[in-house]
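# Residue-level structure breakdown
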Amino acid sequence: HPNLMSDKTIPQLLTDLLVDQLGCSPADVNFESATTISDLGADSLDSVEIVMAIEEQFSLDISDAEAEPLLAKPLGAWTQALSEKLKHPLDVPYRP
C-alpha cells in the first residue's frame with residue numbers, strides 16, 4: 001500500500017517535520033501568521049537540524065546563504081521557498 005506521507009502537501013510535510021523536531025503542537029504551526037521557527041521554540045541548534053531534516057525530507061541542498069534569511073522569516077516564507085526550489089505547487093500533494 002502507498003506511503004501515507006506521499007499524500008501530504010509541502011506545508012503539511014513541513015508541519016510534521018517541525019512538530020517532530022521541536023515537539024510543538026501542529027496547531028502552533030501557522031503558515032498564514034507571522035510565526036517564525038524561534039516562536040515555536042527553536043534555538044540555533046534546532047535551526048540547523050530543521051534545515052538538515054528539510055534537506056533530507058525533500059532531497060534538497062540548502063546553502064547557509066539560503067537558510068540564514070529564512071530563519072527569521074515567518075513559516076509561510078519557508079513553504080514559499082520550498083515550493084520555488086522544488087518547482088512544486090503548495091496545494092498539490094508532494095511525491096518526491
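Below is a summary of the structure that appears in this document. Note that the coordinates shown come from a computational prediction; the quantities given were computed from them, not determined experimentally. Throughout this description, residue numbers start from 1 for each chain and increase along the sequence as written. Reporting of local features is limited, given that this is a predicted model, to residues whose pLDDT is at least 70; pairs of side-chain atoms are given and counted only at 80 or more, and all residues count toward the totals for whole chains, interfaces and linings. With hydrogens and water stripped out, all remaining heavy atoms of the structure feed into the side-chain values.

As a further point, take the packing of helix 3 (residues 64-71) against helix 4 (residues 75-86). A pair of packed helices is characterised by two quantities: the angle between their axes and the separation of those axes. To get an axis, a line is fitted to the C-alpha atoms, and for a helix only the part in contact is used. The angle between two axes follows their N-to-C directions and goes from 0 to 180 degrees. Runs of E in the DSSP output that reach at least two residues are strands. Runs of H or I that reach at least four are helices, and both are numbered from the N terminus. The N-to-C vectors of helix 3 and helix 4 enclose an angle of 150°; their axes lie 10 Å apart at closest approach. It follows that helix 3 is roughly antiparallel to helix 4 by the angle criterion. For the element pair helix 3 and helix 4, the recorded crossing hand is right-handed. In contact with Glu 66, Leu 70 and Leu 71 of helix 3, helix 4 contributes Ala 77, Trp 78, Ala 81 and Lys 85. The residue makeup of the contact of helix 3 with helix 4, split by class, is five nonpolar, no polar and two charged. Roughly parallel here means an angle under 35 degrees, roughly antiparallel means over 145, roughly perpendicular means 65 to 115, and every remaining angle is called oblique. Helix crossings fall into two classes, left-handed where the near helix is turned counterclockwise from the far one by less than a right angle and right-handed where it is turned clockwise. Contacts are assigned to residue pairs that have any heavy atoms within 4.5 Å of one another. Residues were grouped as follows: Ala, Val, Leu, Ile, Met, Phe, Trp, Tyr, Cys and Pro as nonpolar; Asp, Glu, Lys and Arg as charged; and all remaining residues, including Gly, as polar.

Let's shift gears to the packing of helix 1 (residues 10-22) against helix 4. Direction vectors running N to C along helix 1 and helix 4 enclose 125°, while the axes themselves pass 10 Å from each other. Taken together, the axes of helix 1 and helix 4 are oblique relative to one another. Crossing hand, helix 1 versus helix 4: right-handed. Note on element contacts: helix 4 touches helix 1 through Leu 75, Trp 78, Thr 79, Leu 82, Ser 83 and Leu 86, opposite Ile 10, Pro 11, Leu 14 and Leu 18.

Next up on the list: the pattern of salt bridges. A side chain with one charge can pair with a side chain of the opposite charge if their charged atoms come near. One speaks of a salt bridge when a side-chain nitrogen belonging to Lys or Arg is within 4 Å of a carboxyl oxygen belonging to Asp or Glu. Following the criterion strictly, the structure yields three salt bridges and no others. For Lys 8, the salt bridge is made with Asp 16, and the minimal N-O distance between the two is 2.6 Å. Overall, the relative accessible area of 27% leaves Lys 8 in the partly exposed class. One salt bridge connects Glu 66 with Lys 85, and the closest N-O pair in it is separated by 3.0 Å. Placement of Glu 66 in helix 3 and of Lys 85 in helix 4 is noted, with a sequence separation of 19 residues between them. Only protein chains enter the accessibility calculation, which uses a 1.4 Å probe; a residue whose area is less than 20% of its type maximum is buried, one above 50% is exposed, and one in between is partly exposed.

Turning to the nonpolar core, a few remarks are in order. Take the buried residues of types Ala, Val, Leu, Ile, Met, Phe, Trp, Tyr and Cys, join any two whose side-chain atoms come within 4.5 Å, and each joined set is a nonpolar core. If you look at the biggest cluster of nonpolar residues, it comprises 26 residues, and the most contacted ones within it are Leu 18, Ile 50, Ile 54, Phe 58, Leu 75, Trp 78 and Leu 82. Counting residues per element, the ones that place at least two in this core are helix 1, helix 2 (44-58), helix 3 and helix 4. Of all the elements, helix 1 adds the most residues to this core, at six residues. Sequence-distant contacts of Phe 58, that is, excluding residues within four places in its chain, are made with Ile 10, Leu 13, Leu 82, Leu 86 and Tyr 94.

The subject of this paragraph is helix 2. For a helix, the expected span equals 1.5 Å multiplied by the number of residues minus one. Taking 1.5 Å per residue as the helical rise, helix 2 with its 15 residues ought to reach 21 Å, and the 21 Å between its terminal C-alpha atoms agrees with that figure. Of all the positions in helix 2, only Asp 46, Ser 47, Ile 50, Val 51, Ala 53, Ile 54, Glu 55 and Phe 58 are classed as buried. Among the structural elements, helix 1, helix 3 and helix 4 are those in contact with the buried residues of helix 2. Of the residues that open helix 2, the one with a side-chain oxygen 3.1 Å from the backbone nitrogen of Leu 45 is Asp 43. Two residues or fewer past helix 2, Ser 59 is found with a positive phi of approximately 50°. Here a polar contact means two N or O atoms within 3.5 Å. Within protein one must be a hydrogen donor candidate and the other an acceptor candidate, and residues neighboring in sequence count only if both atoms are side-chain atoms.

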